[in-house]
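Close look at the chain arrangement
Listed below, chain by chain, are the residues.
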Amino acid sequence: MNQPASAYFLEERHDPTESHTLSVLVQNEPGVLARVIGLFSGRGYNIESLTVSETESQKHLSRITIVTTGTPMVIEQIKHQLDRMVPVYRVVDMTLTGRSIERELAMVKVRGGGDNRVEALRLADAFRARVIDATTESFVFEITGNSAKVSQFIDLMRPIGLVEVSRTGVAAIGRGPEGM
Amino acid sequence: MTDKSHDPNQMTGAAMIVRALIDHGVQHLFGYPGGAVLPIYDEIFQQSEVEHILVRHEQGAGHAAEGYARSTGKPGVVLVTSGPGATNMVTPLTDALMDSIPLVCITGQVPTHLIGNDAFQECDTVGITRPCTKHNWLVRDVNDLAKVLHEAFYVATTGRPGPVVVDVPKDVQFATGTYHPPRKSDVHVSYTPRVKGDATQIRKAVALLAGAKRPVIYSGGGVINSGREASKLLRELVEVTGFPITSTLMGLGAYPATGKNWLGMLGMHGTYESNMAMHDCDVMLCVGARFDDRITGRTDAFSPGSKKIHIDIDPSSINKNIHVDVPIIGDCGNVLGDLLQVFKAEAKKPDIKAWWQEIAVWRARNSLAYRKNSEVILPQYAIERLFEATRGHDTYITTEVGQHQMWAAQFFGFEEPHRWMTSGGLGTMGYGLPAALGVQVAHRDSLVIDIAGDASVQMTMQEMSTAVQFELPIKIFILNNQYMGMVRQWQQLLHGNRLSHSYSEALPDFVKLADAFGCVGLQAIKPGDLDGALKEMISIKRPVLFDCRVAALENCFPMIPSGKAHNEMLLPAEATDEATAAAFAGGKALV
Ligand SMILES: Cc1ncc(C[n+]2csc(CCOP(=O)(O)OP(=O)(O)O)c2C)c(N)n1
Ligand SMILES: [Mg+2]
């Protein structure tokens, strides 16, 4: 392999990557989300999904759920980098705990008539998606589930007349009585 | 209702800032005024507890504060205006972040109602400085100001130290509110740096150390940051274990250069013996260093046979580049103290005579040797003579960035921590001159020398004017090779000697320049002139710019070439043209 002369050791590594879901409890203050996102973009980490919302307004706490991919060493780094930020209380790797539930909500708009309408409703029923808006030529379905299920539903709607999708991104919580 | 007009804690935001500085024991402040900080400057004018040092460019204020911080262990404090004042601080903030230097930078901001309007001299200071600070704050309410300022000092100086920015809009500086002195509740409850190391991990480390046959201690800037006690403990550990010790560029001085276990600096331009010891060791104890790429060379060939122990206060430094076997998260000084205690109680000095014999063979290669020259001053010789000339003086050294920086690290011996200020992580040309100012402000009677390069010094040389104004007798010792020597060296070794833009066609006459600034200009051209001129430089109690004309084409060796391992160093004695070409050929990338 012929590498160009460089000031750095150009090393290409192809270690296998993993997907992890991280729950991050932060002080809800201006700029905190920019800090987290800036960390990911600045250090070249991936964000597959990111959700954030205030969860305890009295204590000004927000919970950020991030789905990221990377080698095990990079995932470790991401957690430590998040954890050392001043407004971050805790970082929990939901994937490592192995006891977490992940859900995502999507609203899926489908347009069509005749058999396609019937087929859309039939599939929605099978996926427990609800109709939250309907016109004579369209439906908006609301579907909740893990990301794979949501994606599968969207894929099935595509040939039927998928117009657009709005997904919330993943929210995660641990099973059992304990909090994070 | 109480009458607030007599409450001494009622004051303007601008007054709070000065008051907070005083409450945090700040004696010196480096800054540059502008519209958005005038209320603060007005307060500074009306008091005498904090001395303000007026620089000539905000970058100079930042580096001066870094030098001040690194030589004292106290935070450096900077005050600059909004917009260009703040953007000029980006380089020193980044520099301080990379080298873990505690800085508190206060920036003025346009009034809150104008934020976001592209007002005159507005910039998104917290946005711009977010990635180059440990934390930053925009204060929109004067009643939050005291808390934020106290927290800023706390965050900058605790845990892994670093720079912080407090951005204060002008209307907040004018507004009146309630001040309170520092208190525990000022700090985010989420911010809890870990100081004490885990006892089980420390025991594991001691077991490894006690069983080592070929150990090495590799220390870094973290030991210096941790405070004098950490350096003392490090020395004791070396004594108790009998282990060889090397250090990064940032760690020089924690263990004395004359200490018998000292291997010299490691890394790209480190000594042969230190890099070989790192490569061949069976147990490596890393204290307050971060396995940076200038240290490790190619990571897949880094110290392949060793068990690695890593002490660091920042969990994100651990397992970042190199996998370690026993991580210990905590303050270097604290952990070293515990580790020593356990070692003394439960282990005894392992017999490593055979290892020292191996090291002696590497040492005998004399990797810092250079051929003498009676015609031209060799840069290595210049540093050696400078070191000799400063013996017996209370000396502090700063540097710029380039070959001269590496030669300074190789040939100037540091006996104590906090004596060596250099831009390690960021490699900022222009750091050394203002850093020397900062050091001199903190140590008025000491000998403070910036070992400079002819190119670097031109980046911040306007600060000579600051030196004159504040009677700071810094010595700027330029190794003038008329090249951006480090760039030229790489072009020679890697780019077919095509010296693209690494030669300064029109260098200023440094002696006249010194004169123009009101400094003293000196020059040495022949080796025979050097000692006399150095003596003169040291005797002058004013700022001196010393133009030391050195060999133009000298290269900095030893060197770990292109993507090679530690045991493939290129030594000066062997660096013939053919050997050099071979070492850098083969399509490998240079580290
Ligand atoms: C601000 C900045 N710009 C560019 C560089 C890249 N650089 C590293 S060393 C160097 C040359 C330094 O020349 P000089 O100060 O004369 O030192 P010498 O290597 O000749 O001793 C340059 C341009 C840098 N480190 N910092
Ligand atoms: Mg030069």
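That block above? That's the structure.
Just so it is clear, the structure is predicted and the values come from calculations on it, not from any experiment.

Residues and elements named next belong to chain B. Evaluation of the coordinates by the stated rule reveals 28 salt bridges over all chains. Here Asp 292 ties to Arg 290 by a salt bridge, and the two come within 3.8 Å at their closest N and O atoms. In this structure, Arg 549 engages Asp 547 in a salt bridge whose closest nitrogen and oxygen atoms are separated by 3.1 Å. Among the residues examined, Arg 549 registers a relative accessible area of 30% and is labelled partly exposed.

Residues and elements named next belong to chain B. For the magnesium ion (ligand 2), every protein donor is listed as Asp 454 (OD), Asn 481 (OD1) and Tyr 483 (O), and the spread of their distances is 2.1 to 2.2 Å. One chain supplies every donor to the magnesium ion (ligand 2), and in sequence these donors are spaced D-x26-N-x1-Y. With Asp 454 in the loop between strand S17 (447–453) and helix H19 (464–469) and Asn 481 in the loop between strand S18 (475–480) and helix H20 (485–494), this residue pair connects regions lying 27 residues apart in the sequence. Neither Asp 454 nor Asn 481 differs from the other in exposure class; each is buried.

A few words now on the packing of aromatic side chains. A complete count under the given rule lists 16 aromatic pairs over all chains for this structure. For the pair Phe30(B) and Tyr68(B), a centre-to-centre distance of 5.7 Å together with 70° between the ring planes defines the contact as edge-to-face. With Phe30(B) in strand S2 (residues 28–31) and Tyr68(B) in helix H3 (residues 58–72), this residue pair connects regions lying 38 residues apart in the sequence. By relative accessible area, which is 1% here, Phe30(B) ends up buried. Taking 6.0 Å as the distance between ring centres and 85° as the angle between the ring planes, the aromatic pair formed by Tyr154(B) and Tyr191(B) counts as edge-to-face. Within this pair, whereas Tyr154(B) is found in helix H7 (residues 142–157), its partner Tyr191(B) is found in the loop between strand S8 (176–178) and helix H9 (199–210), the two being separated by 37 residues in sequence. Residue classification places Tyr154(B) among the partly exposed positions, given a relative accessible area of 31%. By the ring-pair criterion, three or more aromatic residues cluster together here, those being Phe127(A), Phe139(A), Phe141(A) and Phe153(A).

Residue and element names in this part refer to chain B. Within the secondary structure, Thr 395 is located in strand S15 (residues 395–399). For Thr 395, a relative accessible area of 12% translates into the label buried. As a C-alpha pair, Thr 395 and Ser 446 span 51 residues in sequence and 6.0 Å in three-dimensional space. In this structure, Thr 395 is in contact with Thr 390, Phe 412, Arg 419, Leu 447 and Ile 449, ignoring residues within four places of it in sequence.

Residue and element names in this part refer to chain B. Examined against the element boundaries, Asp 186 turns out to sit in the loop between S8 and H9. Here Asp 186 falls in the buried class, since its relative accessible area comes to 1%. A polar side-chain atom of Asp 186 sits 2.9 Å from the main-chain amide nitrogen of Arg 183. Contacts of Asp 186, omitting those with residues within four sequence positions, involve Lys 147, His 150, Glu 151, His 180 and Pro 181.

The subject of this paragraph is the site of ligand 1. Residue and element names in this part refer to chain B. Neighbouring ligand 1 are 17 residues; Gln 403, His 404, Gly 427, Ser 456 and Gly 485 lie closest to it. Residue Asp 454 places a side-chain N or O atom 3.1 Å away from an oxygen atom belonging to ligand 1. Gly 485 is positioned with one of its backbone polar atoms (N or O) 2.7 Å from an oxygen atom of ligand 1. Against a free-state accessible area of 590 Å², the protein chains account for coverage of 76% of ligand 1. The set of elements that each furnish at least two residues to the shell around ligand 1 consists of helix H17 (403–411) and H20. For the shell around ligand 1, the leading source of residues is H20, giving three residues. In terms of residue class, the shell around ligand 1 is built from eight nonpolar, eight polar and one charged.

The rules we used
Residues numbered from 1 in each chain as written. Chains lettered and ligands numbered in written order. Predicted model: local features only at pLDDT ≥ 70, side-chain atom pairs only at ≥ 80, totals over all residues. Heavy atoms only, no water. Salt bridge = Lys/Arg side-chain N within 4 Å of Asp/Glu carboxyl O. Buried < 20%, exposed > 50% of the residue type's maximum accessible area, 1.4 Å probe, protein only. Donors = N, O, S within 2.8 Å, 3.2 Å for Na, K, Ca; no water. Helix = DSSP H or I, 4+ residues; strand = E, 2+ residues; numbered from the N terminus. Phe/Tyr/Trp six-rings, centres within 6.5 Å; stacked < 30°, edge-to-face > 60°. Contact = heavy atoms within 4.5 Å. Polar contact = N/O pair within 3.5 Å; in protein donor to acceptor, adjacent residues only side chain to side chain. Near = heavy atom within 4 Å. Areas by Shrake-Rupley, 256 points an atom, 1.4 Å probe, with all protein chains shown as cover. Nonpolar A, V, L, I, M, F, W, Y, C, P; charged D, E, K, R; others polar.

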